[in-house]
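This is what each chain is made of:
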Amino acid sequence: MLNVIGVGFGRTGTNSLQLALEKLGFGPCYHMLEVIRHADHLPRWRHALSADKIEWDRVFDGYHSSVDWPGCAFWRELVETFPEAKVVLTVREPERWYASVKKTIFATGEDTEGPTLPPNGLSPEAMEFAGFMGNELLPRIMDDGQGGRLDQADEERAIETFLRHNEEVQRVVPADRLLVYRVTEGWGPLCAFLDVPVPAEEFPHVNDSGTFRRTFEGAFAERMGLSVPGATV
């Protein structure tokens, strides 16, 4: 059961929030990398995307919080399904968000030396995963609500989608359930909102653009059986 639902788009500090929530006792925390790293999550999401009514308890089985995509694309359903969960909307300056997401999530696979295929080519499992990501999951979670895809939008349209999402969350989610949060604020607002003590250690500010891209591409390469120069898992 989810106790905390992160509804902010990727590249708004979601990886830092993931680590913070796990430190505060709300882990494991779901993140897009979970889809990539765990083979058994493909059938979870495939079933969910094809079902008339998604069984969110099944999708997030074993997790107590969620941040980033794919969860934030279904924020309305999650807020309704888990009525006791607190909701955290991570935000940042729109132009900085776009600059970051354009260099990372929207650019994955570009400007690299290219992946090295295994000697016998891709496995059937790798082919299935690539097809699922490209044809099923990404088109659904990158739907901009205006007939296009967020990851294919220009800066103006992407920022419009980003701002519209943030405004809609604040309009729909009751104020006593919602924290609008910048990870640069550190532990204070987050701990007060979740009613937990402030840890002695520093807040986990992680995942600059370069680190994110190496981590994401490394995880994807491992899942696909590829070798990508400079990538880390």
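Residues numbered from 1 in each chain as written. Predicted model: local features only at pLDDT ≥ 70, side-chain atom pairs only at ≥ 80, totals over all residues. Heavy atoms only, no water.

## Some details on the environment of Leu19
By the element assignment, Leu19 lies in helix H1 (residues 14-23). Given a relative accessible area of 34%, Leu19 falls into the partly exposed group. As a C-alpha pair, Leu19 and Val206 span 187 residues in sequence and 8.9 Å in three-dimensional space. When sequence neighbours within four positions are dropped, the list of residues in contact with Leu19 reads Pro204 and Val206. (Helix = DSSP H or I, 4+ residues; strand = E, 2+ residues; numbered from the N terminus. Buried < 20%, exposed > 50% of the residue type's maximum accessible area, 1.4 Å probe, protein only. Contact = heavy atoms within 4.5 Å.)

## Some points on the pattern of salt bridges
Overall, the coordinates contain eight salt bridges when judged by the stated rule. For Glu201, the salt bridge identified is with Lys23, shortest N-O distance 3.0 Å. Here Lys23 lies in helix H1 and Glu201 lies in the loop between helix H9 (187-194) and helix H10 (209-224), a separation of 178 residues in the sequence. Note on Glu201: relative accessible area 44%, which makes it partly exposed. (Salt bridge = Lys/Arg side-chain N within 4 Å of Asp/Glu carboxyl O.)

## Re the pairing of strand S4 (residues 86-90)
Within S4, four of the five residues are buried, leaving the element largely enclosed by the surrounding structure. Note: strand S1 (residues 4-6) against S4, three bridges, orientation parallel. Across the sheet, the residue bridging to Ile5 is Val87, located in S4. (Pairing = 2+ DSSP bridges.)

## A few points about helix H6 (residues 94-103)
When H6 is considered as a whole, its buried residues turn out to be Pro94, Trp97, Tyr98, Ser100 and Val101. For H6, the arc enclosing every buried residue in end-on projection is 165 degrees, short of the 170-degree limit, so these residues lie on one face. Projecting away from the buried face of H6 at angles above 90 degrees are the exposed residues Arg96 and Lys103. (Arc of directions from axis to C-beta.)

## Things to note about the sheet that holds strand S2 (residues 29-30)
The five strands are arranged S2-S3-S1-S4-S5 in an open sheet whose pairing can be described as parallel. For this open sheet the edge positions go to S2 and strand S5 (178-181), each flanked by a neighbour on one side alone. Helix-sheet contacts for helix H8 (residues 155-172) involve S4 and S5, and the interaxial angle to S4 is about 155 degrees. (Axes fitted to C-alpha atoms, helices over the stretch in contact; angles between N-to-C directions.)

## Observations regarding the packing of helix H3 (residues 41-50) against helix H7 (residues 124-141)
In the contact formed by H3 and H7, the axes pass within 11 Å of each other and the chain directions differ by 40 degrees. By the angle between their directions, the pair H3 and H7 is classed as oblique. Seen from above, H3 lies across H7 with left-handed handedness. Residues Leu42, Trp45, Arg46 and Leu49 of H3 pack against Glu128, Phe129, Phe132, Glu136, Leu137 and Arg140 of H7. Residue composition of the contact of H3 with H7, grouped by class: six nonpolar, no polar and four charged. (Parallel < 35°, antiparallel > 145°, perpendicular 65-115°, else oblique. Left-handed = near helix turned anticlockwise from the far one by under 90°. Nonpolar A, V, L, I, M, F, W, Y, C, P; charged D, E, K, R; others polar.)

## A word on the environment of Leu17
If you trace the backbone, Leu17 turns up in helix H1. Given the relative accessible area of 1%, Leu17 is considered buried. Placed 165 residues apart in sequence, Leu17 and Arg182 show a C-alpha to C-alpha distance of 9.5 Å. If sequence neighbours within four positions are ignored, Leu17 has contacts with Val67, Val88, Thr90, Tyr181 and Leu190.

## Notes on the packing of aromatic side chains
The final tally for this structure, using the stated rule, is 15 aromatic pairs. The interplanar angle of 50 degrees and the centroid separation of 5.1 Å between the aromatic rings of Trp56 and Phe74 together place this pair among those described as tilted. One end of the pair, Trp56, is in helix H4 (residues 56-59); the other, Phe74, is in the loop between strand S3 (65-66) and helix H5 (75-81), with 18 residues separating them in the sequence. Across the pair, exposure class does not vary: Trp56 and Phe74 are buried alike. Measuring from centroid to centroid gives 4.3 Å for Trp97 and Phe162, while their planes differ by 10 degrees, and the two rings are stacked. Remark: Phe162 occurs in helix H8 and Trp97 occurs in helix H6; sequence separation between them is 65 residues. (Phe/Tyr/Trp six-rings, centres within 6.5 Å; stacked < 30°, edge-to-face > 60°.)

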